[in-house]
Amino acid sequence: MKQSRLENIIYLAVWGLLFAVPLLSVYVRTVSDVNLEFNWTEVFIVWKHFAVYLALFLVHNFLLAPLLVHSHKRILYFSLVTVLIVAFVAYRYSSRPDRNDHHMPPMEKPLPPPSTKMGMEGKKPPFRHHPPPFKGDMKPPFKGGLEGRDAPPPFLIGEHEIMAIVVLILMFAANLGIKNYIRSRDDRKRLVELEKQNLEQQLEYLRYQINPHFFMNTLNNIHALVDFDPAKAQETIVELSNMMRFVLYEGNKQSVPLSRELDFIRHYVTLMKLRYTDKVKIALDLPDETPDRQIPPLILVTFIENAFKHGVSYKHESFIEVKVTVEDDTLRFSCHNSKADHPNEEKGGVGLANVRKRLDLIYGERYRLSIKDKSDAYHVELYLPLV
């Protein structure tokens, strides 16, 4: 699996810094002591050790780590890592410079001749005590070094090998941690992108559900007006054209200015008033001045449309009361209407379920919708945060 650019940058930065440390160390010592010269041999020795770790890192990064992070082959991964660590220990042991030093006899420093010492010319050398010769089963005295001791086992993991193994394991763990972090970050980005695409598709679907439903009812209103009041029908067409302009140019946007949304509600209510007699009391209370805030289009009018559809009775007096207020960047929408004895049951309505779904997709937990369905009245109260 191809590594991300961020992962490559992290590895290059870390290894570049590690290989730069010996250079900086030798340079600082050279600058601080004028009697020292820049020693490239010392730098190359350190780089040689780093190169071994770098080679093992590359093997782990490109061959072993993907087995665990992407393929989830845990047994195979840990088996190969164990083999790699054993091979590393064997290499460390075989490259130890003192692995055969215990076979070498101890070195004795010869005494200088008497003539070389100050003030000893013409004098006998001082008396030296020599140990008596060995007799019988007597053993020679211990002279130092490893002579006279038991030889160490041929393969021994010392302190340096243990530290090297710890460093190697930590390096592998850091490699796995970075890979898991990058993968989880990429997964989160893909999840957010998928959720965003899904949200846009669902919102688009809901918009196309709402718009045909709204225009179907509006055209039915115009059809009813043409027969008994052509003048009102003409006024209705003008109002409808104003609303269509809003839907065509603003309805597909994520949000619209609050003032434009309230103008759309005014046109809609004006159109609906032309259809009904004085038996239907319609009250619309909108703020005269609106703040420069945004709101999703065609949400508020859905509740008003349902109020006209299910709250108007042709047998007795009905009422519809709509009020919008804005306080502290919060919009409060209230729609209170009577209930008809036999509400309009036209097919094609989107219902409040889809409105709730749209609000959930846009606002999540940041909105509040209260619906009270009584025997003779219906009350909707909605609180929306303005952006």
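For the structure, see preceding data.
Residues numbered from 1 in each chain as written. Predicted model: local features only at pLDDT ≥ 70, side-chain atom pairs only at ≥ 80, totals over all residues. Heavy atoms only, no water.

(A) Focus on the overall build of the protein. Summing up its helical and strand segments, the protein has eight helices and seven strands in all. In the protein, which comprises 387 residues, the proportion classed as buried is 33%. For the protein, the computed accessible surface area is about 25700 Å², with 60% contributed by carbon and sulfur atoms. (Helix = DSSP H or I, 4+ residues; strand = E, 2+ residues; numbered from the N terminus. Buried < 20%, exposed > 50% of the residue type's maximum accessible area, 1.4 Å probe, protein only. Areas by Shrake-Rupley, 256 points an atom, 1.4 Å probe, with all protein chains shown as cover.)

(B) Representation of the pattern of salt bridges in the model. Under the definition given, this model contains seven salt bridges. Here R185 ties to D186 by a salt bridge, and the two come within 3.4 Å at their closest N and O atoms. Judged by its relative accessible area of 21%, D186 falls in the partly exposed class. Note that R293 and D329 form a salt bridge whose closest N and O atoms lie 3.0 Å from each other. Within this pair, whereas R293 is found in the loop between β2 (280–285) and β3 (294–295), its partner D329 is found in the loop between β4 (318–327) and β5 (330–338), the two being separated by 36 residues in sequence. For D329, a relative accessible area of 40% puts it in the partly exposed group. (Salt bridge = Lys/Arg side-chain N within 4 Å of Asp/Glu carboxyl O.)

(C) Quick peek at the sheet that holds strand β6 (residues 368–373). The strand order across the open sheet formed by five strands is β2-β4-β5-β7-β6, and the pairing between neighbours is mixed. A strand with exactly one partner marks an edge of an open sheet, and here the two such strands are β2 and β6. For this sheet the average axis-to-axis angle between neighbouring strands, irrespective of direction, equals 5 degrees. Pairing geometry for β6 and strand β7 (residues 377–385), over six bridges, is antiparallel. Across the sheet, the residue bridging to S370 is E381, located in β7. Strand contacts of helix α6 (residues 258–273): β2, β4 and β5, with the helix running at about 165 degrees to β2, the strand carrying the most contacts. (Pairing = 2+ DSSP bridges. Axes fitted to C-alpha atoms, helices over the stretch in contact; angles between N-to-C directions. Contact = heavy atoms within 4.5 Å.)

(D) The environment of L64, seen in detail. One can find L64 in helix α2 (residues 40–69). Given a relative accessible area of 6%, L64 falls into the buried group. Along the sequence, L64 and L76 sit twelve residues apart, while their C-alpha atoms lie 8.8 Å from each other.

(E) Representation of the nonpolar core. The biggest cluster of nonpolar side chains holds 44 residues, and the ones touching the most others in it are F308, F333, L359 and L382. Of the residues forming this core, the biggest block, eight residues, is contributed by α6. Core analysis: the next-biggest nonpolar cluster, separate from the first, contains 24 residues, F57, Y77, L84 and I165 among them. (Core = buried A, V, L, I, M, F, W, Y, C linked by side-chain atoms within 4.5 Å.)

(F) Focus on the pairing of β5. Pairing between β4 and β5: eight bridges, direction antiparallel. From the neighbouring strand, E321 faces β5, where its bridge partner is H336. Hairpin geometry of β4 and β5 is characterised by an intervening segment of two residues between the two adjacent antiparallel strands and by a positive phi of about 55 degrees at D328. Two elements, β5 and β7, share nine bridges in a ladder whose sense is antiparallel.

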